[in-house]
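Here is what each chain is made of, one letter per residue.
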Amino acid sequence: KYSSSGICIFKKSTSFINTKIVSASNQDPYSGTLKQILINSMTKQFDGNFLNVGALLSGGMDTSSNISLLVEEIGIKPIVFTACFKNQEYNELPFAKNISKKYKLEHHKILIEPDVINYLTDFVKLFDNPIEDRAALPQYLISLHACKLNILSMVYGEGGDELLGYPRNLPE
């Protein structure tokens, strides 16, 4: 997030960690490197309670970056969760496994199968408006599993792949 009078500069030659938010005001609390902004945001959201932290790990750029920042910069080793699909076209588990192994994290794989229709009644009651988000149901099922493990805080990377230039979003 940045002020309405600011601009965000992305340079193709640099990694997202070096991206700068430029603001009209030097006092803008959101100014600085994207890395520092993400660290500050995550730390603020936890409000000092770093116990029982979970994180969605799809293996994409957003969730992988979140895990890296949590472990390397904030010092939290979250329990990670990945939605798995039998259809390999949608299954990002191999990428997620690489990240969980790198940081030696407890990794739960949640298989999303056709029986998820049994959860739809409770799921749709959570929303006051129709939604179009194909990840919403898998995230809901992961959240149910995380609750059983007494996870108090859950980190998601919603929309981050698009922000960070995920390969499927780049022009051909």
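Further up the page is the structure itself.
Okay, so let's go over this structure. This one's a predicted model, so the numbers in the text were calculated from it and none came from an experiment. (Residues numbered from 1 in each chain as written. Predicted model: local features only at pLDDT ≥ 70, side-chain atom pairs only at ≥ 80, totals over all residues. Heavy atoms only, no water.)

## Quick notes on the sheet that holds strand β7 (residues 153-155)
Stage number 1. Judged by pairing direction, the sheet is parallel, and its four strands sit side by side in the order β6-β5-β4-β7 without closing on themselves. In this open sheet, the two edge strands, each paired with only one partner strand, are β6 (107-111) and β7. Looking at each pair of strands side by side, their axes are set apart by 25° on average, direction ignored.
Stage number 2. With respect to the sheet, helix α2 (residues 61-74) is in contact with β4 (53-56), β5 (79-84) and β7, its orientation differing from that of β4 by roughly 155°.
Stage number 3. Of the strands in this sheet, β4, β5, β6 and β7 are in contact with helix α5 (residues 136-148), which crosses β5 at around 140°. (Pairing = 2+ DSSP bridges. Helix = DSSP H or I, 4+ residues; strand = E, 2+ residues; numbered from the N terminus. Axes fitted to C-alpha atoms, helices over the stretch in contact; angles between N-to-C directions. Contact = heavy atoms within 4.5 Å.)

## Things to note about a nonpolar patch on the surface
Stage number 1. A contiguous nonpolar patch, built from Leu-126, Phe-127 and Ile-131 and spanning about 270 Å² of accessible area, is present on the exposed surface.
Stage number 2. If you trace the backbone, Ile-131 turns up in the loop between α4 (120-124) and α5. (Patch = residues over 30% accessible without salt bridge, like charges linked within 9 Å, V, L, I, M, F, W, Y side chains within 5 Å. Areas by Shrake-Rupley, 256 points an atom, 1.4 Å probe, with all protein chains shown as cover. Salt bridge = Lys/Arg side-chain N within 4 Å of Asp/Glu carboxyl O.)

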